[in-house]
Every structure is written in C-alpha cells, then in structure tokens.
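# Descriptive analysis of the structure
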Amino acid sequence: AYNIFISHSWGYGDDYETLKGFLDESRLYWRNYSVPKNDPIHNARSQAALRSALAEKIRLASCVIVPAGVYCSYSDWIEEEIAFALEMDKPIIGVRLWGAERMSSLVQDNADVIVGWNKESVAKAVENYSI
C-alpha cells in the first residue's frame, strides 16, 4: 500500500478532492495521510503542535503530492509541508492543474516530477517515485 500525503490549501479543496478521486479510481491501493478540511488535526492546540503532527504524517508517507497551482507559492503551510518532505527525503510529485498556464515556482523547484492533471499520470508517478 502507498501512504500518500496530499498537500493542499483548504481554500482550494476541490483540487484535493480531484486528486483523491484520481487515486481512488486508479488501480493503486493507498492510504490517505492528508489533512482535509473535514478532518483537521484536532489535538493540535498550537502552531508547534500542528507542525509536529504534519511532520509525523509526512514521515509516514510514501510520497507527497502537491497540486502545482500558483496559490501554493502563497501558502505558508504548503511551503512547510514541502520543507518537511525535502528534509525527510520524501518524493514530491507536483501535479500541473488542468488548463493552468502558470505553475507555482515553489512546487516546480522542489518536485521530483511534475505530471499532468489526470488519473494515469498521478498513479504512474506514485508507482515510480514512492519510497
């Protein structure tokens, strides 16, 4: 099974839901280590506790998937999650948003691979890059 952390901004939850759908529809057996808006980390009573909980989820992940929307460059938490992945040598899979002409330089500069916005590309990247 692949333990997958999907980094995302709660303000752009549709991207998260679409990526989750790609994985659910693929042939991959995977476990979701993400922190969706409908299932936040409740016991994190401080920024430090939340940071620690996120780091633990990423530590357990086989890879980190990041939708490469421009908004990623303005999200402190996505930047933090990418930093955790880099520190832990976790593969980062950037996913170019459907129809997007621009992409987050944060994702582009740190991803091990950038793939298209479709189920096959995401699933193949998970298979090829997960640890």
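Placed above this text is the structure.
The structure contained in this document is the topic of the report that follows. Remember, it's a predicted structure, so these values are computed and weren't measured experimentally.

Considering all chains together, one arrives at four salt bridges under this definition. Linking arginine 51 and glutamate 80 is a salt bridge whose minimum nitrogen-to-oxygen distance equals 2.6 Å. Residue arginine 51 is found in helix α2 (residues 47–59), and its partner glutamate 80 is found in helix α3 (residues 76–87); the two are separated by 29 residues along the sequence. Classification of arginine 51 by relative accessible area gives partly exposed; the value is 31%. A residue is classified by how much of its surface remains accessible, and glutamate 80, at 22% relative accessible area, is partly exposed. Linking arginine 59 and glutamate 56 is a salt bridge whose minimum nitrogen-to-oxygen distance equals 2.6 Å. Residue arginine 59 and its partner glutamate 56 are both found in helix α2; the two are separated by three residues, about one turn of the helix.

Moving on: the side chain of serine 62. By the element assignment, serine 62 lies in the loop between α2 and β3 (63–67). Here serine 62 falls in the buried class, since its relative accessible area comes to 7%. Beyond its immediate chain neighbours, meaning those up to four positions away, serine 62 contacts Ala1, Tyr2, Asn3, Pro91, Ser130 and Ile131.

Turning next to the nonpolar core. Membership of the largest hydrophobic core comes to 42 residues, with the highest contact counts inside it found for Leu23, Ile65 and Ile93. Excluding anything up to four places from it in sequence, isoleucine 93 contacts Cys63, Val64, Ile65, Val66, Val113, Val115, Ala125 and Val126.

Our focus in this paragraph is the packing of helix α1 (residues 13–25) against helix α5 (residues 119–129). Two quantities define a packed helix pair, namely the angle between the axes and the distance from one axis to the other. Taken N-terminus to C-terminus, the directions of α1 and α5 make an angle of 75°; their axes are 9 Å apart at the nearest point. If you check the angle between α1 and α5, you find them roughly perpendicular. Contact with α1, carried on its side by Leu19, Phe22, Leu23 and Glu25, involves Lys119, Val122 and Val126 of α5 and no other residues of that element. For the contact of α1 with α5, the per-class residue count stands at five nonpolar, no polar and two charged.

All right, on to the pairing of strand β4 (residues 92–95) then. What you see with β4 is no split at all: Ile92 and Gly94 on one side and Ile93 and Val95 on the other are buried throughout. In this structure, β3 lies alongside β4, joined through four bridges in parallel fashion. Looking across to β4, one finds that proline 67 is bridged to valine 95. As a crossover connection, the stretch from β3 through α3 into β4 is right-handed.

Locating proline 36 in the fold gives a position in the loop between β2 (30–32) and α2. Overall, proline 36 belongs to the buried group, its relative accessible area being 9%. Placed 27 residues apart in sequence, proline 36 and serine 9 show a C-alpha to C-alpha distance of 8.9 Å. Not counting the four nearest positions on each side in its chain, proline 36 is found in contact with His8, Trp10 and Tyr16.

Reading the values: the criteria
Residues numbered from 1 in each chain as written. Predicted model: local features only at pLDDT ≥ 70, side-chain atom pairs only at ≥ 80, totals over all residues. Heavy atoms only, no water. Salt bridge = Lys/Arg side-chain N within 4 Å of Asp/Glu carboxyl O. Helix = DSSP H or I, 4+ residues; strand = E, 2+ residues; numbered from the N terminus. Buried < 20%, exposed > 50% of the residue type's maximum accessible area, 1.4 Å probe, protein only. Contact = heavy atoms within 4.5 Å. Core = buried A, V, L, I, M, F, W, Y, C linked by side-chain atoms within 4.5 Å. Axes fitted to C-alpha atoms, helices over the stretch in contact; angles between N-to-C directions. Parallel < 35°, antiparallel > 145°, perpendicular 65-115°, else oblique. Nonpolar A, V, L, I, M, F, W, Y, C, P; charged D, E, K, R; others polar. Pairing = 2+ DSSP bridges. Right-handed = clockwise from strand over helix to strand, strands pointing away.

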